[in-house]
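Results of the structural survey
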Amino acid sequence: MGFIRPPAVRSGGDYIESIFGEYSNGKQKPTRKLNFVTALTFLQFAFAVYATVLLYYMSPSIDLRTKPDFTWATKWAHSVRSYIVTPHVVSHFQDIPAAMLSPAEVCEYEKIDFSQKKSNDEKMIKMKRELYDDVLDFQKKNLGSESLDELMKMKSKWALNGPNKPKVTVILNHFKRKTLCAQLDSLLHQTLPFHHVWVLAFGSPNEASLRRIAGSYNDSRISFISSNYDFKYYGRFQIALQTEADLVYILDDDMIPGKKMLQVLAHVAGTEKYENSVLGSIGRILPFRQKDFTFPSYRKFRSKEAGLYLPDPAYDITLDRILQVDFLSSSWFLSAELVKALFIEKPFTFATGEDLHLSYQLQKYRNAASFVLPVDPNDKETWGDSEHRLAYVSETTVIFKNIVEVRDNQWWKALSTGYITQWAAMYPQKIDALFYAHSIDEVKALGPLLEKFRTTVGKKAYIVVSGGKFCPCEEAASALNWPKVVCSERRFKIFDLEVGAILGVSNSEVPVLQAVYSSMKGLIKIHNPSVVITVADADPNVKKALKMATETNVNGTALVLLPRASISKVLWMADLRSTSLPNWNKMRVSVNIITQNRAQSLLRLLRSLSNAYYLGDEIPLSFNMDSKVDEETIKVVTTFDWPHGPKTLRRRIIQGGLIRAVSESWYPASDDDFGLLLEDDIEVSPYYYLWIKYALLAYHYDPQVSFPELSSISLYTPKIVEVVKERPKWNPTEFFKQIHPHTPYLHQLPCSWGAVFFPKQWREFYVYMNMRFTENAKANPVQIPKSRTNGWQASWKKFLIDMMYLRGYVSLYPNFPNQQSFSTNHMEPGAHIAAKDNVVKHNKTDFEVPLLMDDFRNFLPNLKLPPASKLPSLNLFNVPVSLKGLKAAGAKLGQDVLRCNNVSEIVAVNHQTGLPARCMKF
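Criteria and thresholds
Residues numbered from 1 in each chain as written. Predicted model: local features only at pLDDT ≥ 70, side-chain atom pairs only at ≥ 80, totals over all residues. Heavy atoms only, no water. Helix = DSSP H or I, 4+ residues; strand = E, 2+ residues; numbered from the N terminus. Pairing = 2+ DSSP bridges. Axes fitted to C-alpha atoms, helices over the stretch in contact; angles between N-to-C directions. Disulfide = S-S within 2.5 Å. Buried < 20%, exposed > 50% of the residue type's maximum accessible area, 1.4 Å probe, protein only. Arc of directions from axis to C-beta.

Quick look at unusual backbone geometry
The omega angle of the peptide bond from Leu 310 to Pro 311 is -10°, so this bond is cis rather than trans. Phi angles above zero are rare outside glycine, and Asn 367 is one such case at about 55°. With respect to the secondary-structure elements, Asn 367 resides in the loop between α11 (354-366) and β12 (369-372).

Here it is as structure tokens:
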């Protein structure tokens, strides 16, 4: 590559020697007076000094921006030469130094002898205009789209006059067109003078002509840079990296800017709103999705969805307001710093597409947008493209089929890796899940859950793969039993990030983090998934990138990290509403164990807890021990390792008894804090936590479900009617067979053998129990008709039953074959069972139930939890009663802490404090 400075700043030695040689060998006789020879010798010496000074200022150590202007000396030399040298006619311009030629002698101009092309296709005109109006209306509402006058009135840090006058380097890239003179003429007459103009000729057959033209202007600010190698479209941006100016204006050879263009561009680029942008005069809006959910070629004829070329004189579309586009063409005005973004990722190809790649990279890594400026239709000096017909003089490569295919692949790749096009901005998508796999093994692990989402009616889910050496798209498709063509179809299904495009050969984690984060951030913004799902053992940098990307979505997206062993167990995720899924990580379920002196029972419970599926969630574990705890139990709790969350030990100083041990074992820290209470003679199923999580998401965390009556979730299915004196047998499978033999159901009876309690109702229970606790059970003012609970003493459950009865609360119960449950009670001797003062005998077979050891989803109606409105409800005595009927029974009893209308009102509480607040109609 050669960097040739203009003749005005080149050494004048050769020029002076030619003058002197012509004089000494010409027609003049040597008898000329000595003083004339002396004068010529002096003149030669002066130019030698002039050349020496110029060579000094051309050295790399000198700041060219402060270089003095010596064009006056050259002009003076020209005037002297006309007096002392006989004109010598040369037949070829290349034999004459450029400094000796004027632009008038060397300039060439394109011949334009045709009118601007106009379409007479009314259908196309209508489609194009409608799409343009849709885009403009959207941007007016969401971005604000200013006219040229409004833009020029905005405050800008750059001023035409004053200390903040910007320095602009203009880069002109030329190959064959004869437009250099027209461009330079326009630039030399700009209302905002340029700092430098660099004329580039890479592999151009017209290099010599272009060199002469650049030199003929004899302007020290104009430089000519050439190379025999064709650096194509990216070369000019590589050169732009070298500028020390504030701003860069890169022009194609068919762009003749109006004389006010630099002033307009600089002013807009200096505004706070548009300083982080690339500005231009021509742009494109990429294709919109078609009715068949595919995207057409951006050059598809007679298709509204093919996008827009703006402005488009062929369809009478001019821009009177600034418009954000997907990429700019033919000219780019931006800060020198933003140019660097073009080279963050390896381009899809170096043969074409630098325009799209620049806008894509700027948005992806700098959050910078691309805008086409409006024009004053009555003032062509405000136009960046004052002669649009030049585009038709020499057809560009983008019309060729192979180039169109390459560019189609390029923009689709950009959209597939998070480029938010105008279509994506105007029509934000909503999907249920976006899966991410960094390796083929991860694809295989996530496959069953992805397939469940995709085969569930009304659900949308896509998968993102890292691509490149980590997870090639076609191999991922094969692992999912999909045809390989899905990797090239312009249809949303699988997204290939091609992480290697930024990683290259590197052992650093930074490129992986950057590539995954930047692409996923865009994809999440486009598709708005309720959850992003990946494996829990993914690369830490990938997890970090996914976490940052999901946190950027203002609409709420949860990152779900699933242990591989759990993935096939949570296929019910696909049955949850998309409004519920974002709350996946919101709940916090703690396990609270009440224990004292049954060490072996405690070990059995701990083993069952350790074998359960926790989906990667943090599960705090607390041991609550009374003062008489034995040594063996203390050893068990202190040595037990709990990898799923923090472990806490609590021991009373004074013996509190079971009522205090249970009720004080947990208190919610927030409205998302749920407490599972377990006595040490209980054992749980491996699926117990999945049941809790599924039920909470379906009935508590779904904004579309209003279920204030639900106060707890039972793990246990009772076999008897506990509150009736006779304690008759109870089989819910038989009882509900007309609805569905295994439907879950609602019961007014709380469960003490494994249940999760809700924070609001537990606070309420604390206050209620404090107000109603009596040592003598008969002194309790609440007496539920025909209930055994009226005589219960030292039972925390009795007070919870009273409160639930009075206020119409219910608990959710499982119902599976043979009364299999998520917990069972082994009925071992303790404070109640086999106690000396307890006259009630407990038959172990009436209470012990088998644990559910298979995936419970297979037993549910239609393989999923039924809607809340379809759950059957029972009163305290196992009689079917509606939720409203339950409240009516509590109101009728009229024994709550506040006196309310015993027909239509129940007590309402402040759920932050649990204190009774008022009477509430139901």
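Having seen it, we continue.
Observations regarding the sheet that holds strand β7 (residues 282-285)
Read from one edge of the open sheet, 3 strands run β8-β7-β10, paired in antiparallel fashion. Looking at which strands have only one partner, the edges of the open sheet turn out to be β8 (308-310) and β10 (327-329). Direction aside, neighbouring strands of the sheet carry axes that sit 25° apart on average. In this sheet, β8 lies alongside β7 in antiparallel orientation, the contact comprising 3 bridges. In the strand pairing of β8, Gly 283 is matched with Leu 310.

Describing the state of the cysteines
Tallying each qualifying case throughout the model produces 3 disulfides. Sulfur-sulfur distance for the disulfide between Cys 900 and Cys 919 comes to 1.9 Å. Across the S-S bond linking Cys 900 and Cys 919, the dihedral sits near -85°, which makes this disulfide left-handed. With a gap of 19 residues between them, Cys 900 in the loop between α27 (883-893) and β29 (905-909) and Cys 919 in strand β30 (residues 916-921) connect regions that are remote in the sequence. Sequential numbering of the bridged cysteines in the protein chain gives the disulfide pattern 1-2, 3-4, 5-6. Of all cysteine sulfurs in the structure, the one in Cys 473 sits closest to Cys 471, which takes part in no disulfide; the separation is 8.1 Å. Residue Cys 471 is classed as buried on the basis of its relative accessible area of 0%.

A word on α27
Leu 886, Lys 887, Gly 890, Ala 891 and Leu 893 are the residues of α27 that are buried. On an axial view of α27, the arc spanned by its buried residues comes to 160°, and they lie on one face. For α27, the exposed residues set more than 90 degrees away from the buried face come down to Lys 884 and Lys 892. Of the residues trailing α27, Gly 894 is marked for its positive phi of about 60°.

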